[in-house]
Amino acid sequence: LNVLALLESDLAAIFEAISAGTLSPALVSFARQATVVKYACPFGYPDAPLKNQAINISSLQNPAGLFLAAVDEANGQLLATGSRTAAVVARANTVAEAEARVEAEVRRISGSVFHRPDIGTTEVLMKRVVHQRQVRRIRIGVVGSTRGSSLQPILYAIRDGRINASIEVVVSNVASAYILQRARVNNLKTVHIVGKGRVREEFD
């Protein structure tokens, strides 16, 4: 729903192009905005949800942003049948604005339903960003025997946020090599491996 809410192109034309093998970027256009979706669910969901409970959507200010899901209709009433009852989506120029709009709208659904007010908030988004950066972080080991001039640009790039990485260890076969001093100044783990007296295969 987040993506479809921003789609400006004809979805049927996109499907036809996919089927014909002629899909190109020129056929797909999205609005440069943000969206947030929140779900209204029956009390007790997901473990022991209430079923066949009446809900009221008449107070919504933007019905076009409402997508009914696990509902039934009986005697002119909408009944929540046990799974996710409805999705509400809002668009805006920023995520914060979209979240505020969708939060106000989903609260207008009345009945035995609830929603998570934290979805789409800045706090939750930042937690996910931090988590993704940690998951995708590159762990680097650096080997050198001289000044470590190639190490410094990497340190700058990490510090400036240009690469998502961490230097785990700096290794040298020269105890006095400046690369080890540079590493220690930056609180990096260092390892000195003595190469003298070893054959090449053993040293490698």
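Scroll up for the structure.
Predicted model, so just to flag it, every value in this text is computed and none were measured.

It is not clear to me how the side chain of Glu103 should be interpreted in this structure. Could you clarify?
Tracing the backbone through its elements, the reader meets Glu103 in helix α2 (residues 95-106). You can call Glu103 buried: its relative accessible area is 8%. A polar contact is formed between the side chain of Glu103 and the side chain of Lys38, at a distance of 2.6 Å. Polar contacts involving the side chain of Glu103 include one to the side chain of Arg107, which spans 2.7 Å. Residue contacts for Glu103: discarding those within four places in its chain leaves Lys38, His115 and Pro117.

I would appreciate a short explanation of the layout of surface pockets in the present structure.
Empty space among the atoms can be located by rolling a probe the size of a water molecule over them. Quantified by volume, the largest pocket comes out at close to 340 Å³. Looking at the largest pocket, it is lined by 18 residues, and the ones nearest its centre are Val37, Lys38, Tyr39, Arg116 and Ile119. At the level of elements, β1 (34-42) and α3 (122-136) are the ones that each hand at least two residues to the lining of the largest pocket. Looking at which element gives the most residues to the lining of the largest pocket, the answer is β1, with 6 residues. Here the lining of the largest pocket is built from residues that sort into 10 nonpolar, 4 polar and 4 charged.

Help me understand the nonpolar core, please; the structure alone is not making it clear to me.
Grouped together as the largest cluster of nonpolar side chains are 16 residues, with contacts concentrated most on Leu66, Val88 and Ile109. Elements with a contribution of two residues or more to this core: β1, β5 (77-80), β6 (86-92) and α2. Formed by 10 residues, the second largest nonpolar core is a distinct cluster that contains Leu151, Ile167, Val170 and Ala177.

Explain helix α4 (residues 151-159) here, please?
At 3.6 residues per turn, the α-helix brings residues three or four places apart onto the same side. Turning to α4, its buried residues number three or more, namely Leu151, Gln152, Leu155 and Ala157. Of the surrounding secondary structure, the elements contacted by the buried residues of α4 are β9 (138-143), β10 (165-172) and α5 (178-185). Just past α4, the residue Gly161 takes up positive phi, approximately 80 degrees.

Explain the packing of aromatic side chains here, please?
The description of an aromatic ring pair rests on the distance of the ring centres and on the angle between the ring planes. Under the definition given, this model contains 0 aromatic pairs. A cation sits over an aromatic face here: Arg84 above Tyr39, 4.3 Å from the ring centre.

What counts, and where the lines are drawn
All residue numbers refer to position in the chain's written sequence, counted from 1. Restriction of local features to residues with pLDDT of at least 70 applies here, the model being predicted, together with a cutoff of 80 or more for giving and counting side-chain atom pairs; totals for whole chains, interfaces and linings are based on all residues. To get the side-chain values, take all heavy atoms of the structure and skip hydrogens and water. Runs of E in the DSSP output that reach at least two residues are strands. Runs of H or I that reach at least four are helices, and both are numbered from the N terminus. Summary of the burial criterion: residues with accessible area below 20% of their type's maximum are buried, those above 50% are exposed, and those between are partly exposed, where the area comes from a 1.4 Å probe applied to protein chains only. N or O atoms within 3.5 Å of each other form a polar contact, as long as, within protein, one can give a hydrogen and the other can take it, and as long as residues adjacent in sequence are counted only when both atoms are side-chain atoms. In what follows, a contact means two residues having at least one pair of non-hydrogen atoms within 4.5 Å. With a 1 Å grid spanning the protein atoms alone, the term cavity applies to any set of points in which a 1.4 Å probe fits but cannot get out, the term pocket to an open set with protein on both sides within 12 Å along at least five of seven lines, and the term lining residue to any residue with an atom within 4 Å of a point. Grid points are joined across faces, edges and corners, and a volume is the space filled by probe spheres set on the points. Amino acids are sorted into nonpolar (Ala, Val, Leu, Ile, Met, Phe, Trp, Tyr, Cys and Pro), charged (Asp, Glu, Lys and Arg) and polar (every other residue, Gly among them). In plain words, nonpolar cores are sets of buried Ala, Val, Leu, Ile, Met, Phe, Trp, Tyr and Cys residues tied together by side-chain atoms within 4.5 Å. Working definition: rings of Phe, Tyr and Trp (its six-membered ring) pair if their centres are within 6.5 Å, and the pair is stacked with planes under 30 degrees apart, edge-to-face with planes over 60 apart, and tilted otherwise. Only lysine NZ and arginine CZ atoms are considered, and such an atom sits over a ring when it is within 6 Å of the ring centre and within 35 degrees of the ring normal.

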